[in-house]
Amino acid sequence: MGQLHLGFEIAALSVLVVILLVDLLMVIKRPHLPSMKECAAWIGFYVSLAVIFAVVLFFVGGMEPASEFVTGWLLEYSLSIDNLFVFIVIMAKFAVPKKYQQEVLMVGIIIALIARALFIVAGAVIINNFAAVFYIFGIFLLWTAWKQASEDDEDEGDSFIMRTVRKMFPVSEEYDGNKLRTVVNGKTLFTPMLLVFITIGLTDVMFALDSIPAIFAVTQNPFLVFTANLFALMGLRQLYFLLAGLMERLAYLH
């Protein structure tokens, strides 16, 4: 026991990707601001799904893959919450209309999945050929922790990335629904939504650099690493609105 069959891994990933696509289609067809009750219900659903998946892993592969998945999932879920607080700051900075924040979050989650999948493949190859990379991962995580503990929270205006994007692309001052391009005085411009997507995408890449080395310390099975990340990202959109709602009610939550 302990080994998972390739057929099971392919079937499980297919089902999970379908669930994520259904979630995406729901956002596209019905953009709205979910209530806290709706968010809590969806979070409960995705957490239950992760627990069911852990039970299935136990019966299919035994205690080892099940325990590694649960540990990795809890680790990635806790790190994903850190993502959300940064997303809240980004949404507030760009004044993204609440009606369209769901779509922005889904794009962010898809970018996060792609970034993490690439880092997982690269990490697995590096670990198999260079075991000492764990020491590099450890040093990187310690450096990240020191940066987070010592950085200043003051708003310093537009970042270097935002200023660079504004120089490269003509960006309008106002949103035009959820469009990426708009026409102002007969001139075609990008909307601030482009800046939001770029900022969230780069944030996802930076968070992936943190989370992937952390979970590889739990398990070196790429399937378990990816599914733990996938389940951690599921329900993240609803958790965002739940946390945003709580931050409006609890002044010191941040």
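Anyway, here's the lowdown on the structure attached to this text.

## Topic: the environment of proline 97
Moving on, step 1. Relative to the assigned elements, proline 97 resides in the loop between helix H3 (63–94) and helix H4 (101–129).
Moving on, step 2. On the basis of relative accessible area, proline 97 is assigned to the partly exposed category, the value being 29%.

## Quick look at the side chain of threonine 219
Moving on, step 1. With respect to the helices, strands and loops of the structure, threonine 219 is situated in the loop between helix H7 (192–216) and helix H8 (222–233).
Moving on, step 2. Of note is the side chain of threonine 219, whose polar atom sits 3.1 Å from the backbone nitrogen of asparagine 221.
Moving on, step 3. Excluding its chain neighbours within four sequence positions, the residues that come into contact with threonine 219 are Glu68, Leu224 and Val225.

## Some thoughts on the packing of aromatic side chains
Moving on, step 1. Scanning the model with the defined rule gives 12 aromatic pairs in all.
Moving on, step 2. Taking the centre distance of 5.8 Å and the plane angle of 90 degrees together, the rings of tryptophan 42 and phenylalanine 45 count as edge-to-face. With tryptophan 42 and phenylalanine 45 both in helix H2 (residues 36–61) and three residues apart, this pair spans about one turn of that helix.
Moving on, step 3. Arginine 181 extends its terminal NZ or CZ atom over the ring of phenylalanine 190, reaching a point 4.8 Å from the ring centre.

## A look at a nonpolar patch on the surface
Moving on, step 1. Judged by side-chain polarity, Val51, Val55, Phe58, Phe59 and Met63 come together as a nonpolar surface patch covering roughly 510 Å² of accessible area.
Moving on, step 2. With four residues, H2 is the largest single contributor of residues to the nonpolar patch.
Moving on, step 3. Relative to the assigned elements, valine 51 resides in helix H2.

## Let's talk about H2
Moving on, step 1. Between its first and last C-alpha atoms H2 spans 37 Å; for 26 residues at 1.5 Å apiece the expected length is 38 Å, and the two agree.
Moving on, step 2. By the burial criterion, the buried members of H2 are Cys39, Ile43, Tyr46, Leu49, Ala50, Phe53, Ala54, Leu57 and Gly61.

## Observations regarding the pattern of salt bridges
Note on pairing: side chains with opposite charge can pair once their charged atoms come close.
Moving on, step 1. If you walk through the whole model with that rule in mind, you get one salt bridge.
Moving on, step 2. Residues glutamate 76 and arginine 116 are paired through a salt bridge, measuring 3.1 Å at the closest nitrogen-oxygen approach. Within this pair, whereas glutamate 76 is found in helix H3, its partner arginine 116 is found in helix H4, the two being separated by 40 residues in sequence. Exposure class is identical for glutamate 76 and arginine 116. Each is buried.

## Here's the deal with the pairing of strand E1 (residues 181–184)
Moving on, step 1. Across four bridges, the pairing between E1 and strand E2 (residues 187–190) is antiparallel. Following the sheet pairing, arginine 181 is matched in E2 by phenylalanine 190.
Moving on, step 2. What sits between E1 and E2 in their antiparallel hairpin is a turn of two residues, with asparagine 185 showing a positive phi close to 55 degrees.

Parameters and conventions
- Residues numbered from 1 in each chain as written.
- Predicted model: local features only at pLDDT ≥ 70, side-chain atom pairs only at ≥ 80, totals over all residues.
- Heavy atoms only, no water.
- Helix = DSSP H or I, 4+ residues; strand = E, 2+ residues; numbered from the N terminus.
- Buried < 20%, exposed > 50% of the residue type's maximum accessible area, 1.4 Å probe, protein only.
- Polar contact = N/O pair within 3.5 Å; in protein donor to acceptor, adjacent residues only side chain to side chain.
- Contact = heavy atoms within 4.5 Å.
- Phe/Tyr/Trp six-rings, centres within 6.5 Å; stacked < 30°, edge-to-face > 60°.
- Lys NZ or Arg CZ within 6 Å of the ring centre and 35° of its normal.
- Patch = residues over 30% accessible without salt bridge, like charges linked within 9 Å, V, L, I, M, F, W, Y side chains within 5 Å.
- Areas by Shrake-Rupley, 256 points an atom, 1.4 Å probe, with all protein chains shown as cover.
- Salt bridge = Lys/Arg side-chain N within 4 Å of Asp/Glu carboxyl O.
- Expected span 1.5 Å × (residues − 1).
- Pairing = 2+ DSSP bridges.

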